Every structure is written in C-alpha cells, then in structure tokens.
Amino acid sequence: MSLDLSVFNRFAITKKVGEIIFCEFEPGDAFYLIQSGKVKIVKIVGELEKTLDILNPGEFFGEMALLEEAPRSATIIALTDVKLLEFNRANFEVLMQGQPQIVLNLLKLFAKRIYDQKRRFMVLTLDDIQARVADVFLMLDENGPRPIDPSDNSRTFPNSVDDIAHWAGLSVNKASEVLKQFVNQRRVEIQQGKIIVKNIMDFTRFVKSKRQE
Amino acid sequence: MPKATQYKTNSVIYFQGDVGDKIFILKAGKILSKSNDIETKEEINELVAPGEFFGVKSALGRYPRDESAIVLADSEVLVFTVPEFEQLVLSNTRIIMKMLKVFSNQLRRMHGKVQNLIGKGTSKDPESGLYSIGEYYYTNRQYKPAIHALTRYLTLYPAGRFTVEASDLARKAGQGAAKTDSTAIFAAAGADNEEPDFSPPTPSAPAAPTAGPSDPSAAKGFFEAVALANQEKYADAYKIFQKIVATNVDPEHSAKSEFEMGRCLVFLGKFDEATKHLTGLIQKYPKHPDLKDALYFIGRSYQGKNDTTWARNFYTKILNLAAEDEPVAVKTRKALKELEGAKV
C-alpha cells in the first residue's frame with residue numbers, strides 16, 4: 001500500500017520500543033494505523049503474557065473503538081520504535097474524505113475479522129473435544145501459508161499446546177490430554193515449539209463427520 | 001463496468017458455502033437471502049431490498065458465502081467484480097461508511113457469541129482488570145508498561161478500589177524505571193519522593209465530590225496531566241497543571257502541579273520561564289517533597305541555555321543533599337557527565 005499519508009501527519013504519534021499504546025480494559029476512543037515499526041498484541045492469561053499477533057506497517061488495530069467505547073480487549077505494545085496514525089470518531093471523517101482507500105481497507109479488515117470470529121465459533125460449538133482440537137488445526141491451516149507441494153498433507157504449526165488450548169476453549173490439561181491421544185494414534189507429533197499434523201485431510205474428514213452428527 | 005444480468009424465477013445466484021468474487025445490487029425483482037443462524041441453526045429468510053448490495057463480505061475476503069441468494073421473481077441484478085465495486089465505493093464514500101456500520105455490528109455480535117462460549121463474558125471487570133495488568137508488569141519488572149497501565153488506572157479511577165495500591169506501585173515502578181532508564185523522568189508522578197505524596201483518597205474515606213485535601217476532580221486532572229506529560233504532550237499537560245494551581249481546591253495537588261509545571265516548561269524548552277517558576281516554587285515551599293527534583297530541573301534549564309557554570313552549581317548542590325542511590329542523584333550524575341562530555 002503506497003499511499004501518500006503526509007496530510008495526516010497531524011495525527012501521527014510515535015512510541016518507543018516497549019511502550020504500551022493501549023492497555024486491555026482501558027476504554028477505547030481511537031484506532032491506529034501503523035506507518036513504521038511493529039507492534040505486538042498481547043493478553044495476560046493467568047500469570048503469562050501471551051502474544052496473540054504481531055502487526056506490521058499498513059495494518060490497523062483498535063478499530064472497534066470507532067463504533068463504541070468498549071474496554072479494549074487486548075494490550076498493544078511497541079515491538080520496535082513505531083510511528084502510528086491515531087484516528088478517533090471525530091477525525092475519522094477527515095480520513096474518509098482524504099484517503100477513502102484506507103477506509104476501504106478497514107472495511108476488508110472487518111470482513112476478515114467477522115469471518116475469523118465465525119470460524120472460531122464453529123470450532124467452539126463442536127461438542128466432541130477431539131474434533132474441537134482437530135478443527136483448531138484446520139482453522140490454523142486455513143490461515144497459514146499454502147504448502148509448496150499441494151499433494152503434501154503434513155502440516156507443521158509453530159504453536160504450543162497452550163495456543164491450541166486457547167483456541168479450542170479448553171484447559172491446558174484437557175488439550176494436552178487430547179493431543180497425547182493423537183500422538184499415540186500417530187496422527188500428531190509434538191516437538192519443541194511446534195506441532196506436526198501428519199495428515200491434515202484425515203483431520204478434515206474427522207471433523208466433518210463429527211459436525212454432521 | 002458492472003454488468004446488468006437477468007435472473008429467472010427460482011434460479012439461484014449463489015449457494016451458501018460457495019466461494020465467489022462477485023458483488024451484487026438488486027435493481028428490480030425479488031431475491032431471498034437464505035441462511036442459518038450460527039447458534040441455533042434456525043433458518044433465516046430475508047428479502048434483499050431493491051438498491052441493496054449483497055455478497056459483499058464474502059467477495060471482499062474470498063470467503064464462503066454465508067447465505068444462498070435465491071430468485072423469487074424475475075430480477076435484474078448488477079454484477080460487480082471486486083475492483084469495480086472498489087471503484088464505485090471510493091467515489092461514493094457514504095456507501096463505505098454504511099457498510100462499515102453493518103460489518104461492525106456483525107463483528108460485535110460474533111465477538112460476543114465467542115466470548116460467551118469461552119465463558120469470558122463474566123470475567124474481570126475493567127477496573128480490576130486494568131489494575132491487574134499494571135500489577136503484572138510491575139511484578140515482572142517491565143516498568144514502562146506498568147507505569148502506563150497504572151497511570152491510566154489512576155486517571156480513570158481516581159477514587160477507585162485499588163487507587164492506593166496503584167499509586168504505590170506507580171511510584172515504585174517509576175523508581176524502578178529511573179534506575180534502568182534515567183530518561184523516564186516523568187515515570188510516575190512523585191516517583192522520587194521519600195513518601196508517597198499524591199494524596200489518593202484513602203479507602204476508609206471514599207472521596208466525596210466536595211473540595212478537600214483529596215478532591216477527586218483535582219486528583220483526576222492531575223493524573224490526566226501526568227499521563228499527557230508521559231506522552232510528551234507537555235503543552236497540554238502544562239495547561240491542566242496550571243488550572244489545578246489556579247483553582248487551588250486541593251493544596252497537595254496544587255503544590256505537586258506547580259512543580260510539574262516547571263518540568264513541563266523545561267521539556268518545552270522554555271528555560272528562562274522554567275528557572276523563574278521553579279525558583280519561585282522553592283521559595284514558596286522550602287520543604288516541597290520534590291525540592292531536589294526542582295533543583296535538578298533548574299540545573300537542566302541552565303544546561304539548556306548552555307550556562308554550564310550554573311548548571312554545575314545546581315547539580316553539585318543536589319549531590320550534597322541527596323543520598324547516593326536516590327534516583328535524583330543518579331539522574332544528576334548522568335547530567336554532570338553529559339556536561340563534562342559537552343566541554344571536551
């Protein structure tokens with residue numbers, strides 16, 4: 001996206017590495033577009049700070065604040081020194097008039113977020129917890145990179161058991177129990193920092209059969 | 001150019017689950033959007049209004065269609081590719097705004113449904129949530145985020161359930177930050193005091209909305225201004241501090257604010273004004289808890305004006321007054337080093 005954003009310089013703010021841009025639970029009244037640098041989205045779960053995502057230049061965050069001042073649902077921390085454009089409802093109109101392309105991108109982002117939430121909902125409504133864990137892998141695979149060789153059905157996920165538990169809405173204990181069963185059935189391999197699904201098509205069929213029940 | 005297309009009764013424009021890249025507007029006729037509720041699986045039947053877009057979200061993201069579009073009576077439909085659609089809405093931004101509203105409503109609803117399923121709907125209230133984040137980062141010695149969270153807490157809940165704890169932690173985090181990063185001067189208000197000096201409403205005496213030694217509005221304004229200063233918005237912060245001093249409903253925050261005004265002036269580069277202001281402050285409050293910091297900022301002002309002799313005088317004085325490991329002493333030694341460096 002090579003857009004001339006110089007007219008928006010008055011909305012520019014900078015943050016140094018390690019600084020919070022906003023904090024989970026604060027009321028939100030602005031959304032941000034990253035101009036340079038990176039931020040991470042984190043949530044404190046139990047006693048651990050979990051990174052949910054890392055965002056790069058051209059990406060937005062805090063967009064829900066445009067429509068409601070609900071508490072922020074995660075914390076955003078500068079991963080490098082960052083330059084951001086900060087928009088609120090009042091100056092959103094300026095953005096709309098000056099750079100509708102950005103707002104159109106925002107619209108696309110909303111479409112993606114709705115789809116992601118729906119997909120997540122589909123996972124969570126599976127009663128069979130094995131199927132739920134399997135469906136988490138399918139979901140992650142849909143969002144992940146395409147395999148170089150399309151006939152290759154094995155998939156490597158850079159995720160931890162904690163991540164899988166989080167997406168499946170299960171306790172870590174429950175999730176690792178299920179994963180252990182998969183390991184025993186030789187459907188899954190767990191290695192340092194990654195989980196390998198031997199045959200993703202096998203999981204696709206498995207989830208499909210459970211969903212139809 | 002979008003194509004006008006005729007559809008016969010009982011034909012289907014697309015099925016639920018199809019992946020397509022076309023966007024449609026109903027020009028004339030009757031089209032049914034048929035979908036299933038994601039929760040109850042109940043069938044939802046809605047008529048597409050003439051002039052209304054359909055198939056937008058799925059086409060924009062290349063996702064499976066949520067609904068089937070079924071033609072109930074012979075219809076005329078305009079069919080757009082995604083680039084054609086984009087071109088149209090870019091020249092008619094009201095459409096984007098309208099869709100943004102629709103999408104965000106859907107998103108909010110979906111988000112709520114997911115949260116319900118994972119049982120987070122009933123988790124922490126925002127107040128204790130925000131405090132616990134500050135506490136988490138403080139415990140993990142990540143002072144910058146701790147200070148942010150705690151300052152926000154104090155701004156939002158000047159008379160809250162954790163105000164006493166939060167101001168205490170903010171002060172300690174400020175000290176921690178000053179040790180690891182002496183540029184975090186504004187770290188927490190009063191970070192360098194011997195005693196916690198901002199007067200949070202004590203839990204035994206919940207703040208009454210009347211003026212008093214712990215007037216919550218003064219406290220709120222104060223923390224807001226500190227937050228602004230943290231964001232380097234010194235001119236805005238200055239104005240609020242100035243107002244707190246002028247109204248003087250709360251002697252403690254007035255005194256603190258008067259000091260903060262001096263700091264802001266230094267950061268704004270108004271060194272003459274800063275020197276005058278801070279000298280006045282020291283005369284007015286010879287026992288001001290931020291005395292040593294006030295001296296430090298006078299030193300900084302002289303340094304800013306390249307008056308190294310006077311800057312050195314003030315810095316030396318601070319080192320005589322302060323204990324070796326006090327944050328203000330650390331800052332001062334660093335400033336002195338800078339002075340030496342500048343001389344060479």
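This report concerns the structure included in the present document. None of these values were measured; they are calculated from a predicted model. Counting starts from 1 at the beginning of each chain's written sequence and moves along it residue by residue. Naming scheme: in the order in which they are written, chains are lettered from A and ligands are numbered from 1. Local features in this predicted model are restricted to residues whose pLDDT is 70 or higher, and side-chain atom pairs enter the listing and the counts only when it is 80 or higher, whereas totals over whole chains, interfaces and linings include all residues. Think of the side-chain values as coming from all heavy atoms in the structure, minus any hydrogens and water.

On to the overall build of chain A, then. The number of helices and strands found in chain A is six helices and 11 strands. Burial statistics for chain A: of 213 residues in total, 46% are counted as buried. Whether two residues are in contact is decided by their heavy atoms, any of which lying within 4.5 Å being enough. Within chain A, residue pairs in contact and separated by at least 24 positions form 72% of the contacts whose partners lie at least 6 positions apart. Total accessible area on chain A stands at roughly 10,300 Å², and carbon and sulfur atoms take up 50% of it. Runs of H or I in DSSP of at least four residues are treated as helices and runs of E of at least two as strands, each being numbered from the N terminus. Think of it in three bands: with a 1.4 Å probe and only protein chains considered, a residue is buried below 20% of the maximum accessible area for its type, exposed above 50%, and partly exposed in between. Using a 1.4 Å probe, accessible areas were evaluated by the Shrake-Rupley method; residue-level cover was limited to the displayed protein chains.

Another point: the sheet that holds strand β2 (residues 20-22) of chain A. The antiparallel open sheet is built from four strands, whose spatial order is β2-β7-β4-β5 (chain A). Edge positions in the sheet fall to β2 and β5 (48-55) of chain A, since each of these pairs with one other strand and no more. Between one strand axis and the next, the sheet turns through 35° on average, direction left out of account. Sheet topology places strand β4 (residues 39-45) of chain A next to strand β7 (residues 75-78) of chain A; four bridges connect them, and they run antiparallel. If you follow V39(A) over to β7(A), its bridge partner there is A78(A). Across the face of the sheet, helix α4 (residues 126-139) of chain B comes into contact with β2, β4, β5 and β7 of chain A while running at roughly 100° to β4(A). Note: two strands are recorded as paired if DSSP finds a minimum of 2 bridges between them. Axes here refer to lines fitted to C-alpha atoms; in helices the fit is confined to the stretch in contact. Angles between the N-to-C directions go from 0 to 180 degrees.

So, on to empty space enclosed by the protein. The rule is simple: put a 1 Å grid over the protein atoms alone, call a set of points where a 1.4 Å probe fits but cannot get out a cavity, call an open set with protein on both sides within 12 Å along at least five of seven lines a pocket, and count a residue as lining if it has an atom within 4 Å of a point. Grid points are joined across faces, edges and corners, and a volume is the space filled by probe spheres set on the points. Per the counting criterion, the structure on display carries three cavities of 30 Å³ or more. Reported here for the largest cavity is a volume of approximately 50 Å³. Residue lining of the largest cavity: A111(A), I114(A), Y115(A), K118(A), K57(B), S58(B), Y63(B), P64(B) and D66(B), and that is the complete set. When residues of the lining of the largest cavity are traced back to their parent elements, those giving at least two are α2 (100-124) of chain A together with α1 (56-61) of chain B. In terms of residues, the lining of the largest cavity owes the most to one element, α2(A), which gives four residues. Looking at the lining of the largest cavity residue by residue, the classes come out as five nonpolar, one polar and three charged. Side-chain classes follow a simple rule in which Ala, Val, Leu, Ile, Met, Phe, Trp, Tyr, Cys and Pro form the nonpolar group, Asp, Glu, Lys and Arg form the charged group, and the remainder, Gly included, forms the polar group.

What follows is about unusual backbone geometry. Residue and element names in this part refer to chain B. Even without being glycine, K41 reaches a positive phi, approximately 65°. Relative to the helices and strands, K41 resides in the loop between β3 (22-36) and β4 (43-47). Taking relative accessible area as the criterion, K41 reaches 53% and is therefore assigned exposed. For R62, which is not a glycine, the phi torsion comes out positive at approximately 55°.

Turning our eyes to something else, we now look at the side chain of D135(A). All names here are of chain A. Along the polypeptide, D135 turns up in helix α3 (residues 129-143). Judged by its relative accessible area of 0%, D135 falls in the buried class. Here a polar contact is taken to be a pair of N or O atoms separated by no more than 3.5 Å, where protein atoms must pair a possible hydrogen donor with a possible acceptor and residues adjacent in sequence count only if both atoms sit in side chains. Reaching out from D135, the side chain makes a polar contact with the side chain of R119 at a distance of 2.7 Å. Setting aside its immediate chain neighbours within four residues, D135 contacts R119, M122, V123, L126, V207 and R211.

Following the sequence through the fold, S104(B) ends up in helix α3 (residues 93-117). Polar contacts involving the side chain of S104(B) include one to the main-chain carbonyl oxygen of K101(B), which spans 3.0 Å.

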